[in-house]
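Chain and residue survey
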Amino acid sequence: VGLPCCLVLTFTQDLCMVSRVHSDMLRTLVVGPGLCGEANISLSLDTCGTLVFQREDQQLLCLNVGTAFRGELTLWQMLLRGKDELIFR
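This paragraph deals with the nonpolar core. In terms of nonpolar packing, the biggest core is built from nine residues, these being C16, V18, L35, L51, F53, L60, L61, L63 and V65. Of all the elements in the fold, those that place two or more residues in this core are β2 (15-22), β5 (50-55) and β6 (58-64). Of all the elements, β6 adds the most residues to this core, at three residues. In this structure L51 touches L7, L9, V18, L43, S44, L45, L61, C62, L63 and V65, once residues within four positions along its chain are discounted.

Here's what the structure looks like:
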């Protein structure tokens with residue numbers, strides 16, 4: 001019970017995704033296209049609760065998340081390296 005405490009934005013080469021943490025659960029709200037290559041990106045959250053994510057002049061995601069969130073942002077940039085392998089048993 002209670003209000004959602006934070007949003008989680010995940011961006012990879014294949015997809016971008018907005019999720020929210022609510023009562024110790026992560027719920028996916030929207031999924032969009034990935035970030036292929038280098039690009040200028042922007043993220044905005046207005047006072048009405050509209051979250052917009054853009055790559056240069058292309059809007060990737062637009063979502064109304066409500067007014068329960070503060071205008072505060074914490075950013076963790078992570079670079080994951082490795083390769084996908086299929087494991088057959």
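Having put the structure on the table, let's press on.
Attention now moves to the packing of aromatic side chains. Inspection of every chain in the model, using the stated rule, returns one aromatic pair. Ring geometry for F11 and F53: centres 4.2 Å apart, planes at 25°, overall stacked. Placement of the pair is F11 in strand β1 (residues 6-11) and F53 in strand β5, with a sequence separation of 42 residues. The exposure class of F53 is buried, given its relative accessible area of 4%.

With that settled, consider the sheet that holds strand β3 (residues 25-33). Read across the sheet, three strands follow the order β1-β2-β3 without closing on themselves; strand pairing throughout is antiparallel. Lying at the two open borders of the sheet, with one neighbouring strand each, are β1 and β3. Between one strand axis and the next, the sheet turns through 20° on average, direction left out of account. Here eight bridges tie β2 to β3, and the two strands are oriented antiparallel to one another. By the bridge assignment, L15 is partnered in β3 with P33.

Each value, and the rule that gives it
- Residues numbered from 1 in each chain as written.
- Predicted model: local features only at pLDDT ≥ 70, side-chain atom pairs only at ≥ 80, totals over all residues.
- Heavy atoms only, no water.
- Core = buried A, V, L, I, M, F, W, Y, C linked by side-chain atoms within 4.5 Å.
- Buried < 20%, exposed > 50% of the residue type's maximum accessible area, 1.4 Å probe, protein only.
- Helix = DSSP H or I, 4+ residues; strand = E, 2+ residues; numbered from the N terminus.
- Contact = heavy atoms within 4.5 Å.
- Phe/Tyr/Trp six-rings, centres within 6.5 Å; stacked < 30°, edge-to-face > 60°.
- Pairing = 2+ DSSP bridges.
- Axes fitted to C-alpha atoms, helices over the stretch in contact; angles between N-to-C directions.

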